[in-house]
Amino acid sequence: MKKMFIGNLKMNMTKGELIKYFNALKKYAKSSENTIGVAVPFPYLYLAQEQLKGTNILIGAQDVYFQESGAYTGEVSVGMLKDFGTDFCIVGHSERRNLFGENYDTINKKVTKLCKTGITPVMCIGETLKQRAERKQKYVVRGQLDSVFNNLAIKKIKKVIVAYEPVWAIGTGKNATPDQVQEIASYIKDYVVKKYGLSRKQICVLYGGSINETNCNDLLNLDDVDGGLIGGACLNAENFSKLFL
Ligand code: PGA
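Residues numbered from 1 in each chain as written. Predicted model: local features only at pLDDT ≥ 70, side-chain atom pairs only at ≥ 80, totals over all residues. Heavy atoms only, no water.

## Topic: the overall build of the protein chain
Part 1 of the reasoning: Of the regular secondary structure elements, the protein chain holds 11 helices and 8 strands.
Part 2 of the reasoning: Expected size for 245 residues packed as a compact globule is a radius of gyration near 18 Å; at 17 Å, the protein chain falls within 12% of this value.
Part 3 of the reasoning: Taken along the three principal axes of its C-alpha coordinates, the protein chain extends 45 × 45 × 30 Å.
Part 4 of the reasoning: Out of the 245 residues in the protein chain, the part that is buried amounts to 54%.
Part 5 of the reasoning: Put simply, 70% of the contacts in the protein chain that link residues at least 6 apart link residues at least 24 apart.
Part 6 of the reasoning: Accessible surface, the protein chain as shown: approximately 11,600 Å² in total, 50% of it carbon and sulfur. (Helix = DSSP H or I, 4+ residues; strand = E, 2+ residues; numbered from the N terminus. Rg over C-alpha atoms; globule rule 2.2 N^0.38 Å. Buried < 20%, exposed > 50% of the residue type's maximum accessible area, 1.4 Å probe, protein only. Contact = heavy atoms within 4.5 Å. Areas by Shrake-Rupley, 256 points an atom, 1.4 Å probe, with all protein chains shown as cover.)

Following this line, the structure appears as structure tokens:
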């Protein structure tokens, strides 16, 4: 079954490296039937638009601000993302929540803004290690979903991609087990179906957290997992390709 593979470059690579990366990725992606995307740092959206034109690789941003324009030094608007052909935008990544103090009120505003303009939000949710130890993972993801979905029309909820990323599994080399992933992915779908009246197929759930060549099949070929959000393992185009080919 066709799956989605989104690479998150985070704050890595400079222009020359990225050109080489795009060239290699284009070659590999051509023969994949899966959906492939790459979230690049803001300064390289223009480069991505230029280099990935006419390919089957979607262009993503790693964040956005919810205001249209104005005195918001350092921020980037949805309109600016649109200018560079951005297809999707990661919102609420745990690194933004933990390192930059982003909260669910802000995430809600960002997702809402993106939905209005046709850029697909990839909304990250997931529990911390402490929350899992206290068996609160379902409660936590439910709260994170509600804080955004309660304010969105059903037709907009359908457009949101949910990335389940347990915080303890990101960049740590400690991936969740297939059972843990399936349990929460299925919980997310059940919850959204029941509460917001969508069908299971209408809600796309990705898993993210230390996905690599070895664990990829086990973690992503699960009934309720529609693909993966990949950090470290996407930084080399050949390694990334081993996940989606
Ligand atoms: P990782 O990152 O694959 O390096 O754990 C995943 C992510 O941050 O989305």
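Additional details are given in the paragraphs that follow.
## As for the layout of surface pockets
Part 1 of the reasoning: Empty space within the largest pocket amounts to approximately 430 Å³.
Part 2 of the reasoning: Together, 19 residues line the largest pocket, and K10, Q62, D63, R96 and F100 are the ones closest to its centre.
Part 3 of the reasoning: Its residues assigned to classes, the lining of the largest pocket comprises 10 nonpolar, 4 polar and 5 charged. (1 Å grid on protein atoms, 1.4 Å probe; cavity = no way out; pocket = protein on both sides within 12 Å on 5 of 7 lines; lining within 4 Å. Points joined across faces, edges and corners; volume = space filled by probe spheres on them. Nonpolar A, V, L, I, M, F, W, Y, C, P; charged D, E, K, R; others polar.)

## A short note on unusual backbone geometry
Part 1 of the reasoning: Positive phi, close to 50°, is recorded for K10, a residue that is not glycine.
Part 2 of the reasoning: Examined against the element boundaries, K10 turns out to sit in the loop between β1 (4-8) and α1 (15-30).
Part 3 of the reasoning: Within the chain, S210 stands out as a residue other than glycine whose phi angle is a positive 55°.

## Here we look at the packing of aromatic side chains
Part 1 of the reasoning: Summed over all chains, the structure comprises 9 aromatic pairs.
Part 2 of the reasoning: Ring geometry for Y46 against F84: centres 6.0 Å apart, planes inclined by 85°, an arrangement best described as edge-to-face. Of this pair, Y46 sits in helix α2 (residues 45-51) while F84 is found in the loop between α3 (78-83) and β4 (88-91), placing the two residues 38 residues apart along the sequence.
Part 3 of the reasoning: Of the residues examined, F84 reaches a relative accessible area of 28% and is grouped as partly exposed. (Phe/Tyr/Trp six-rings, centres within 6.5 Å; stacked < 30°, edge-to-face > 60°.)

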